Amino acid sequence: MNSAAEKQAAGTGLDPEKLRADFPILAQQVNGHRLAYLDSAASAQRPRVVIDAISHYYEHDHANVHRGVHTLSHRATDAYEGAREKVRQFIKAGSTREIVFTRGTTEAINLVANSLGQTFSAGDEIIVSELEHHANIVPWQMLAERTGIRLRVIPINDAGELQLDVYQDLLNERTRLVSVTQVSNALGTVTPIQEILAAARSRGILTLVDGAQAIPHQPIDVQALDCDFYAFSGHKMCGPTGIGVLYARESVLKDMPPWQGGGDMILTVSFTGTTYNELPYRFEAGTPNIAGAIGLGAAIDYLDGLGMAAIAEYEQQLLHWATERLRTIPGLQLVGTAPSKAGVISFNLDGIHAHDLGTILDHQGVAIRTGHHCAMPVMEHFGIAGTARASLAFYNTREDIEQLVTALELAHKMLG
Amino acid sequence: MAVQEQLQALYRSTVLEHSRAPHHFGQLATSNRQATGHNPLCGDKCTVYLEVANDELTEITFEGAGCAICMASASIMTDTVRGCSLASASAAADQVLESFADRQAADHSELPGDMAALGAVRQYPSRIRCATLAWQTLQAALTGKAQTVTTEVTTNQS
Ligand SMILES: Cc1ncc(COP(=O)(O)O)c(C=O)c1O
């Protein structure tokens, strides 16, 4: 570990230079440059152990789950259910009956909208925020079209923070659900989720937390949060694509109607009637993404090995350092300046469209995301079409940030 | 520096001149046809205003916000088709859209007017829609039957 790296990771116990070697994809050159991958909020990269776990499963243990008496089916079932237990421990849920595997955050939220949503009626209200990803807006709009429920929105201020006083006013006896993100993918704002949940809870209102951007960056304890639902995606936390989780409080989930029908979610089927399976299987119709769940389990083991607290501390240091570094670039405006942020720096560079920036940076090996980040209402609030977004993971170093800064300076020279 | 050369091929001085000071930019009071196009990938938006008289495109302007490629393409488009017959304006749009659909097309000369300066965009699959947005919007405005047509050109996000 060189002295620069030592300084970076000071006190966190993480050695990011060494960790980078765990991620085969980071070793490559892109367009003739060292790859500076600053797009982990869109999708993180996978360590070798996750890739190996998936290969091992397909090479040795694959069969369908919950259906065979043969050895491979047992192994596949054990591995799949083992992954569910790892998820339970990782988010400190009380029971694996509360862990439903989905395709990702999007499907987890759609599950709630389509299942719990059946119990809502015209005039009922759901509260979301202006910070939400489209995944936590559109399913509720679709439900509103079907049932006549009303969507209420907690506004943000110009720093990108939720206006809690307005939220308090939005809560009323028609409110059935509060569904809010813990971390904004577009701005990085960490929302005061505890306060938001407590205010809903004290009125007996159900709550859903979009944890897609929170879970890669900090320890999560769903019992301490005391939320009814917590949704997240595997691919943003070093796991595979196509796998995600809906945590649902058992006392709520047990009364929810099934949403997709098929195999695995039933106990008996006959043309005179069908009985549904127990939790969580009632909500997992069809052959699941077995390899995805196993890969997610391996990602959780990896993250646990590093320690989420250490990851959080290191990333906060890097975020702070990177923010100060970017502030020194003439003409750069940060979008989203909440004091409490995680993993994301959104910005615009004077007179240069984010899309042009993205292309120029890519030529220098710097991968960032540009555009509206699936959060068009946020862009609308700031009156902009989009931003350039650099997002961080624990495998990023100051060298990545320096590369970003150099690339931005070239962009300024060429197009500014 | 190789990177700079590649980037300079994309952001030629012609492109930068047009994007910094686009020609025929703004609304057109005498417009009798118009269309608006969106590129959902980057939020770019482009409205094209036409004044059509006797099968001729007597005036054209555009309005919108977009990246350098998008703005340059729209500006060059207005220079290229202004004063053309409707048929030849439409043919120019076809030619541009076809040319950008073909990534292998090496010969930029088939692009009309200053559009050749944008030929390098073909090497950037994620940017092709930036170059074609204005032309797709022009097509929509040209084919609009009513006096004033607002057509949302929905370009697919890939
Ligand atoms: C805050 C937030 N919510 C939801 C999603 C949707 O996640 P997925 O596409 O994995 O379902 C994302 C992903 O970008 C996100 O950042």
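The structure displayed is predicted, hence computed values, not measured ones. (Residues numbered from 1 in each chain as written. Chains lettered and ligands numbered in written order. Predicted model: local features only at pLDDT ≥ 70, side-chain atom pairs only at ≥ 80, totals over all residues. Heavy atoms only, no water.)

What about the environment of leucine 197 of chain A?
Residues and elements named next belong to chain A.
Phase 1 of the analysis: By secondary structure assignment, the location of leucine 197 is in helix H8 (residues 193-201).
Phase 2 of the analysis: In sequence terms leucine 197 and cysteine 227 are 30 residues apart; their C-alpha atoms lie 6.6 Å from each other.
Phase 3 of the analysis: Apart from the residues lying within four places of it in its own chain, the contact partners of leucine 197 are Thr207, Val209, Leu225 and Cys227. (Helix = DSSP H or I, 4+ residues; strand = E, 2+ residues; numbered from the N terminus. Contact = heavy atoms within 4.5 Å.)

Some thoughts on the interface of chain A and chain B
Phase 1 of the analysis: With 17 residues of chain A in contact, the opposing surface of chain B contributes 22 residues.
Phase 2 of the analysis: Carbon and sulfur atoms supply 60% of the area that chain A and chain B bury against each other, a total of about 1600 Å² over both sides.
Phase 3 of the analysis: For the pair chain A and chain B, the interface holds 1 salt bridge.
Phase 4 of the analysis: Put simply, arginine 127 of chain B and aspartate 356 of chain A hold a salt bridge, and the shortest N to O gap is 2.8 Å.
Phase 5 of the analysis: Linking chain A to chain B there are 9 residue pairs in polar contact (both at pLDDT 80 or more).
Phase 6 of the analysis: Breaking the side of chain A that touches chain B down by element, the ones donating at least two residues are helix H13 (354-362) and helix H15 (398-415) of chain A.
Phase 7 of the analysis: For the side of chain A that touches chain B, the per-class residue count stands at 5 nonpolar, 10 polar and 2 charged. (Buried area = accessible area lost by both parts, 1.4 Å probe. Salt bridge = Lys/Arg side-chain N within 4 Å of Asp/Glu carboxyl O. Polar contact = N/O pair within 3.5 Å; in protein donor to acceptor, adjacent residues only side chain to side chain. Nonpolar A, V, L, I, M, F, W, Y, C, P; charged D, E, K, R; others polar.)

Details of the site of the ligand
Residues and elements named next belong to chain A.
Phase 1 of the analysis: Looking at the ligand, there are 13 residues lining it, with Thr106, Asp210, Gln213, Ser233 and Lys236 nearest.
Phase 2 of the analysis: At 3.2 Å, a side-chain N or O of histidine 133 approaches an oxygen atom of the ligand.
Phase 3 of the analysis: Between the ligand and lysine 236, the relevant distance is 2.6 Å, taken from an oxygen atom to a side-chain nitrogen or oxygen of the residue.
Phase 4 of the analysis: For the ligand, the protein covers 86% of the area, taking 400 Å² as the surface of the free molecule.
Phase 5 of the analysis: When grouped by side-chain class, the residues that make up the shell around the ligand number 2 nonpolar, 9 polar and 2 charged. (Near = heavy atom within 4 Å. Areas by Shrake-Rupley, 256 points an atom, 1.4 Å probe, with all protein chains shown as cover.)

Comments concerning the domain arrangement of chain A
All names here are of chain A.
Phase 1 of the analysis: With domains assigned, chain A is organised as domain 1 (3-47 + 307-415) and domain 2 (50-305).
Phase 2 of the analysis: With 41 residues of domain 1 at the contact, the number on the domain 2 side is 40 residues.
Phase 3 of the analysis: Between domain 1 and domain 2, roughly 3100 Å² of surface is buried when both sides are summed, and carbon and sulfur atoms account for 58% of that area.
Phase 4 of the analysis: When residues of domain 1 are sorted by the area they lose upon contact with domain 2, Arg46, Pro47 and Met308 head the list and together hold 21% of the total.
Phase 5 of the analysis: Put simply, domain 1 and domain 2 have 0 salt bridges between them.
Phase 6 of the analysis: Looking at which element gives the most residues to the side of domain 1 that touches domain 2, the answer is helix H14 (residues 376-382), with 6 residues. (Domains from an automatic or database assignment.)

Structural notes on the pattern of salt bridges
Oppositely charged side chains are able to pair whenever their charged atoms sit close together.
Residues and elements named next belong to chain A.
Phase 1 of the analysis: Under the definition given, this model contains 24 salt bridges over all chains.
Phase 2 of the analysis: A salt bridge links glutamate 250 to arginine 97, with the shortest nitrogen-to-oxygen separation between them at 2.7 Å. One end of the pair, glutamate 250, is in helix H10 (residues 250-253); the other, arginine 97, is in the loop between helix H4 (71-91) and strand E4 (99-102), and 153 residues separate them in sequence.
Phase 3 of the analysis: On the accessibility criterion, glutamate 250 (24% relative accessible area) is partly exposed.
Phase 4 of the analysis: Among the ionic pairs, aspartate 124 bridges to arginine 174, the shortest N-O distance being 2.9 Å. Of this pair, aspartate 124 sits in the loop between helix H5 (105-115) and strand E5 (125-129) while arginine 174 sits in the loop between helix H7 (164-170) and strand E7 (175-181), and the two are 50 residues apart along the sequence.
Phase 5 of the analysis: Each member of the salt-bridge network shares a partner with another, and the members are Arg20, Arg34, Glu399 and Asp400. (Buried < 20%, exposed > 50% of the residue type's maximum accessible area, 1.4 Å probe, protein only.)

Digging into the sheet that holds strand E14 (residues 344-349) of chain A
Strands pair in a sheet through their backbones, by hydrogen bonds, and they do so in one of two ways: parallel or antiparallel.
All names here are of chain A.
Phase 1 of the analysis: A sheet is described by the order of its strands in space; here 4 strands give the open sequence E13-E14-E17-E16, paired in antiparallel fashion. Either end of the sheet is taken by a strand with one partner, and the two such strands are strand E13 (332-335) and strand E16 (369-371). Neighbour-to-neighbour, the strand axes of the sheet open up by a mean angle of 30 degrees, direction not taken into account.
Phase 2 of the analysis: With 4 bridges connecting them, E14 and strand E17 (residues 387-391) associate as antiparallel partners. In the sheet register, serine 346 faces E17, and the bridge partner there is arginine 389.
Phase 3 of the analysis: Sheet strands in contact with helix H12 (residues 308-327) are E13 and E14, and its direction is about 10 degrees off that of E14. (Pairing = 2+ DSSP bridges. Axes fitted to C-alpha atoms, helices over the stretch in contact; angles between N-to-C directions.)

Re empty space enclosed by the protein
Phase 1 of the analysis: In this structure the tally under the stated criterion is 1 cavity of 30 Å³ or more.
Phase 2 of the analysis: Three or more residues apiece are contributed to the lining of the largest cavity by two domains, here domain 1 (3-47 + 307-415) and domain 2 (50-305) of chain A. (1 Å grid on protein atoms, 1.4 Å probe; cavity = no way out; pocket = protein on both sides within 12 Å on 5 of 7 lines; lining within 4 Å. Points joined across faces, edges and corners; volume = space filled by probe spheres on them.)

Observations regarding the confidence of the model for chain B
Residue and element names in this part refer to chain B.
Phase 1 of the analysis: Looking at chain B, pLDDT values average 85 and 86% of them are 70 or higher.
Phase 2 of the analysis: For chain B, strand E4 (residues 152-154) is the element with the lowest average pLDDT, namely 46, and helix H3 (residues 68-81) is the one with the highest, namely 96.
Phase 3 of the analysis: Between residues 145-152, whose pLDDT stays under 50, and residues either more than four places distant or in other chains, the model counts 17 contacts.
Phase 4 of the analysis: This stretch, residues 154-158, has a pLDDT under 50; its non-local contacts, to residues over four places away or in other chains, come to 10 contacts. (pLDDT = per-residue confidence, 0-100.)

A few points about the sheet that holds strand E10 (residues 244-248) of chain A
Residues and elements named next belong to chain A.
Phase 1 of the analysis: If you walk across this open sheet you meet the 7 strands as E4-E10-E9-E8-E7-E5-E6, and the pairing is mixed. For this open sheet the edge positions go to E4 and strand E6 (150-154), each flanked by a neighbour on one side alone. Between one strand and the next, the sheet's axes are offset by a mean angle of 20 degrees, whatever the strand orientation.
Phase 2 of the analysis: As paired elements, strand E9 (residues 229-233) and E10 share 5 bridges and run antiparallel to each other.

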